[in-house]
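Survey of secondary and tertiary structure
Each chain, letter by letter, is given below.
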Amino acid sequence: MIDCHFHIWTQDESTPEKRAERAEQFRREADALGIDRTTLIGEIGDTVEECREHNRMVAKYVDEHPDLFYGWARVHPSLGEKGVEEFRRAVEEDGLVGLKHHFVGTEINITDPEFRPLAEAAVDMDVPIISHVMQNEEPYPSERPSEARSEDVAELATQYPDLKLISAHLSAGGNWEHRIRNIASHDNVYLDLSGSNCEAGQIEMAAEHLGVDRLLFGTDTWLSVCAGKLDAADLPPADRAQVAYNFEHLLHDGIENRLSEDEREARIERATERFADLDEPYEEEIVDANAYVGDWPFYPFDASAEDLIERMDENGVDRAVVSSLAAAFYRDPQHGNRELLEGIEGYEGRLIPFATIDPTFPGWEDDLRHCIEDLGMRGVRMLPAYHDYDIDAPETEELLEVCAELDVPAMLVPALEDQRGRHPRVELRHFEGMGQAKHWRNDAIDDVIDLLMAVPDADVVVAGAWSAGARIVRETTTVDRQDVRLHNAVRSGETLLVIDDLFNYWTQTQGRDIAEQIGTDHLVMGPRLPLKYFDAFYTYTKNLPVSEAEKDRVRSGNILDLLDE
């Protein structure tokens, strides 16, 4: 696979040895994920000299590691003709592939008149431009007024029909359905599939409306999840292999390390075989600890019990802990709990029901006891953002206390979709402003820790821990002897984190940190079937640098032990 979108983000790149550290880090990850090489994006400067310095640095990476890297040029649009000259020089002398534009550092939109000379130079040299693009809902556009949207892409593509324009990271956030439909008629626009949002259906829709020849594999440095998304896409293996290598067609003749036609075709053939192999279900025992059944109001996910079982079978998922999707939006989530049990009838051996409980709704305790004691549900899901209560509210603590009394686990879930693409009339607590979708803000994590310590004997699974996973485990399960005081209050109940919601660009380096700082005994899998692409998250566990026995704890052992299965 050829990645069209990767940020260098290296603190010290002053020597070949320092640059080799980044190259080797990428190589380890690429070898594990089936990526051949990537296209580097460096920094941008305010002067021509600074831009030239950054462009030459990218060229050094390419010269020193031609089997791994291509490189994008970057130029500040406000530099006028001198900036255009630097763009041409970077392409013609340094052998860079084209121009990367991002509003951060420039605050200039791609439709701004200052950008036109760069677009005209790209047409003249027959090289592509890749532009950062989002389709975030309010209030995000007002926070980033110069950020390109699909309307800007369509305008620039219309103005320059011979420009090869790449609309970057379809799924880095925002309304991907809108983006796909908005650029579908512009044949000179290509779509980079990168981004952290792994909602199922986006790649298939893009292929339907644009064709696979206009789709490019990219990661935006999210190597693991983006490789997994293409692995999981419901497209024929040959189509996925084509997407994996489409970027090669956009490279100009001055790229000395581009693949020969024969080599490209050989790699496509190997990739086709690899994708076909990945279509076979996994044989190891796997449990999705955070799955759902029912109707989602904003997109028609295949979310009936029958659909979920089919998706599980395709991936080799043996069992799933399920809750009602509709319960997130019912005023009384007990309606969703009843629907859940009706929906999974006949699949009880594979679908393990968790009740969705809102501790601020009247009669919640009666509902919870009825779900557990009479209906045989096995645990509780808490959705404070959807039911609009604070994580550290007294009612939340009361709910955990009842769970501990009933000896059932509770699962704390922040959000079910990327909030940057949420419906414009839906605003969730804890997700104000430019917040990401997978995690709460820092003060909310403080509240999670306080809640866990307030009810130490409750078994709790925390989704959405993001970069705070190690801190949660450290502050709730570990005696702290570093202070004059002895902080030895620790939880007696289980404390588990969903590995798929942890911050993890790199399965090898960050995966190692997760294993060491959190420990596999505190991890469960929860890729949120059928809302998400399974392989986008299973890459976290599959490539975790631990033994197979430890991976088995994460795949299924920890959650099944929690449920006494």
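Reference entry: report on the structure contained in this document. (Residues numbered from 1 in each chain as written. Predicted model: local features only at pLDDT ≥ 70, side-chain atom pairs only at ≥ 80, totals over all residues. Heavy atoms only, no water.)

1. Thoughts on the overall build of the protein chain
A tally of helices and strands in the protein chain yields 21 helices and 16 strands. In terms of C-alpha radius of gyration, the protein chain reaches 24 Å, essentially the compact-globule figure of 24 Å for 565 residues. C-alpha atoms of the protein chain, sized along the principal axes, occupy 75 × 55 × 45 Å. Classification of the 565 residues of the protein chain by burial places 62% in the buried group. Sequence-distant contacts, at least 24 apart, represent 78% of the contacts inside the protein chain between residues at least 6 apart. When the accessible surface of the protein chain is summed, it comes to about 21,600 Å², and 43% of that surface belongs to carbon and sulfur atoms. Looking at the protein chain, you have 54 positive and 118 negative side-chain charges, and the mean spots of the two groups are 4 Å apart. (Helix = DSSP H or I, 4+ residues; strand = E, 2+ residues; numbered from the N terminus. Rg over C-alpha atoms; globule rule 2.2 N^0.38 Å. Buried < 20%, exposed > 50% of the residue type's maximum accessible area, 1.4 Å probe, protein only. Contact = heavy atoms within 4.5 Å. Areas by Shrake-Rupley, 256 points an atom, 1.4 Å probe, with all protein chains shown as cover. Lys, Arg positive; Asp, Glu negative; His and termini not counted. Charge placed at Lys NZ, Arg CZ, Asp CG, Glu CD.)

2. Brief notes about the packing of aromatic side chains
Within the structure shown, the criterion is met by 17 aromatic pairs. Here F298 and F329 contribute two aromatic rings whose centre-to-centre distance is 5.6 Å and whose plane-to-plane angle is 80°, an arrangement assigned as edge-to-face. Taken as a pair, F298 in the loop between strand 9 (287-293) and helix 12 (305-315) and F329 in the loop between strand 10 (319-324) and helix 13 (334-343) lie far apart in primary sequence, 31 residues in all. Overall, F329 belongs to the partly exposed group, its relative accessible area being 33%. The aromatic ring of F275 is capped on one face by R274, whose charged end is 5.5 Å from the ring centroid. One residue, R381, lies across the ring of Y292, its end atom 4.8 Å from the ring centre. (Phe/Tyr/Trp six-rings, centres within 6.5 Å; stacked < 30°, edge-to-face > 60°. Lys NZ or Arg CZ within 6 Å of the ring centre and 35° of its normal.)

3. A few points about the sheet that holds strand 1 (residues 2-7)
Taking strand neighbours across the sheet as the criterion, the three strands line up as 1-2-3 in an open arrangement whose pairing is parallel. A strand with exactly one partner marks an edge of an open sheet, and here the two such strands are strand 1 and strand 3 (69-71). With strand direction ignored, the average angle separating the axes of adjacent strands in the sheet is 30°. Inspection of the sheet shows strand 1 paired to strand 2 (residues 37-41) by four bridges, in the parallel sense. Pairing of H7 across the sheet is with I41, part of strand 2. Where helix 2 (residues 48-64) meets the sheet, its contacts fall on strand 2 and strand 3, and the angle it forms with strand 3 comes to roughly 155°. (Pairing = 2+ DSSP bridges. Axes fitted to C-alpha atoms, helices over the stretch in contact; angles between N-to-C directions.)

By themselves, these observations are geometric and do not establish any function.
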